[in-house]
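Overview (structure and organization)
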Amino acid sequence: MSLPKVLAEGYWRFRRQHAPDKGRYQQLAELGQAPSAMVIACSDARVDVSAIFDAEAGQLFILRNVANLVPPYEPEGKYHGTSAAIEYAVLVLKVPHLIVLGHSRCGGVAAYRARIKDKVQDDSFIGRWLTMLDGLQAMDTDAAAFGRETAFELATIRSSLAHLRSFPVVQEREGAGLLTLHGLHFDLASGSLIALDEEVGNFVALVEA
Ligand SMILES: [Zn+2]
């Protein structure tokens, strides 16, 4: 067995750097996880969720899929990896925060938009997955503030939040004030986040508290 050299070297660096944290890993192993948030992000290799939030092991329950999409609640018995993770985080781990994290230059969103433009029918897994974006419209206010491409990425975040709220368990816990939903968009080039302010309906820059 040979891991790519870059990964093997990274692993041994991890082992050396975290040797003093052994107690912490032991504690996590024994006590289980109690993450402070679930993050639903894109699989894009450039979106390093733990790095963005400077988070340690055990802090974030992370789900990544193509274009950070949440399917609507569909209890029809098929294989729903995303829905299963959401249900587990909310029902079992009782996370107090659900975060949808989109990003700039999203290949999944761009591929979908190109396909729509070229009217390509696609029965691949990724083609089917991206049909979740069918009918999605970028908001004019988002386009005016951030440009058309980003506005479409923001629309996917809004859609994922709406779909999260179609899950009874999310409705229940949000209604009881035990769960807060957040929409964030990460700019790859600058490393900055904008956040959806649901009271005014716009994405705004994050300010340091
Ligand atoms: Zn992406």
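Residues numbered from 1 in each chain as written. Predicted model: local features only at pLDDT ≥ 70, side-chain atom pairs only at ≥ 80, totals over all residues.

**Remarks on the overall build of the chain**
Looking only at helices and strands, the chain has 9 helices and 6 strands in total. Here the C-alpha atoms of the chain give a radius of gyration of 19 Å, agreeing with the 17 Å that 2.2 N^0.38 yields for 209 residues. If you line up the chain on its principal axes, its C-alpha atoms span 55 × 45 × 45 Å. Residues classed as buried in the chain amount to 25% of the 209 residues present. (Helix = DSSP H or I, 4+ residues; strand = E, 2+ residues; numbered from the N terminus. Rg over C-alpha atoms; globule rule 2.2 N^0.38 Å. Buried ≥ 20, exposed ≤ 12 C-beta atoms within 10 Å, placed from the backbone.)

**Thoughts on helix H5 (residues 107-118)**
Given a rise of 1.5 Å per residue, 12 residues ought to cover 16 Å, and the 16 Å separating the end C-alpha atoms of H5 matches this to within 8%. Check the buried side of H5 and you find it contacts strand E1 (37-42), helix H6 (125-130) and helix H8 (148-164). In the stretch just after H5, Lys119 is the one whose phi turns positive, near 50 degrees. (Expected span 1.5 Å × (residues − 1). Contact = placed C-beta atoms within 7 Å.)

**Let's talk about the nonpolar core**
Formed by 37 residues in total, the largest nonpolar core has its most connected members in Met38, Val39, Ile40, Ile99, Leu101 and Leu164. Within the residue set of this core, elements represented by two or more residues are E1, strand E2 (60-65), helix H4 (81-92), strand E3 (97-103), H5, H8, strand E4 (180-186) and strand E5 (193-197). Apart from residues lying up to four places away in sequence, Val39 is in contact with Val49, Leu60, Ile62, Ile99 and Leu101. (Core = buried A, V, L, I, M, F, W, Y, C linked by C-beta atoms within 7 Å.)

**Digging into helix H2 (residues 22-31)**
Across the 10 residues that make up H2, only a small minority, 0, are buried. Where H2 ends, the next residue or the one after it, Gly32, has phi of about 85 degrees, a positive value.

**Things to note about unusual backbone geometry**
Not every positive phi belongs to a glycine, and Asp54 is a case in point at roughly 50 degrees. Tracing the backbone through its elements, the reader meets Asp54 in the loop between helix H3 (49-52) and E2. The backbone of Arg105 sits at a positive phi, close to 55 degrees, despite the residue not being glycine. Position of Arg105 relative to the elements: it lies in the loop between E3 and H5. Given 14 C-beta atoms within a 10 Å radius, Arg105 is considered partly exposed.

**With respect to the domain arrangement of the chain**
Split into domains, the chain comes out as domain 1 (1-32) and domain 2 (33-205). Placing a centre on the C-alpha atoms of domain 1 and another on those of domain 2 gives a separation of 29 Å. (Domains from an automatic or database assignment.)

**Let's talk about the sheet that holds E3**
The mixed open sheet is built from 6 strands, whose spatial order is E2-E1-E3-E4-E5-E6. Looking along the sheet, the strands with just one partner apiece sit at the ends: E2 and strand E6 (202-205). In this sheet, neighbouring strand axes are inclined to one another by 25 degrees on average, regardless of whether the strands run parallel or antiparallel. Where E5 lies against E6, 4 bridges are found, and the strand directions are antiparallel. Within E6, the position partnered with Ile194 by the bridge is Ala205. (Pairing = 2+ DSSP bridges. Axes fitted to C-alpha atoms, helices over the stretch in contact; angles between N-to-C directions.)

**What to know about the environment of Val95**
Turning to its location among the elements, Val95 is positioned in the loop between H4 and E3. When neighbours within four sequence positions are excluded, Val95 is seen to be in contact with Pro35, Ala37, Met38, Phe61, Ala89 and Val90.

**Topic: the pairing of E4**
Direction of pairing for E3 relative to E4: parallel, over a ladder of 7 bridges. Residue Leu101 lies in a different strand from E4, and its bridge partner there is Leu184. Sheet topology places E4 next to E5; 3 bridges connect them, and they run antiparallel. Bridged to His185 within E5 is Ile194. Taken together, E4 and the strand that follows it, E5, pair antiparallel across an intervening segment of 6 residues, in which Gly191 is found at a positive phi of about 75 degrees.

**As for the pairing of E1**
Burial analysis of E1 places 5 of its 6 residues in the buried class, the great majority of the element. Of the strand pairs in this sheet, E1 and E2 are connected by 6 bridges, and their pairing is parallel. Note that in E2 the partner of Met38 across the bridge is Phe61. Relative to E3, E1 runs parallel, the two sharing 4 bridges. The partner of Ile40 across the bridge, within E3, is Val100.

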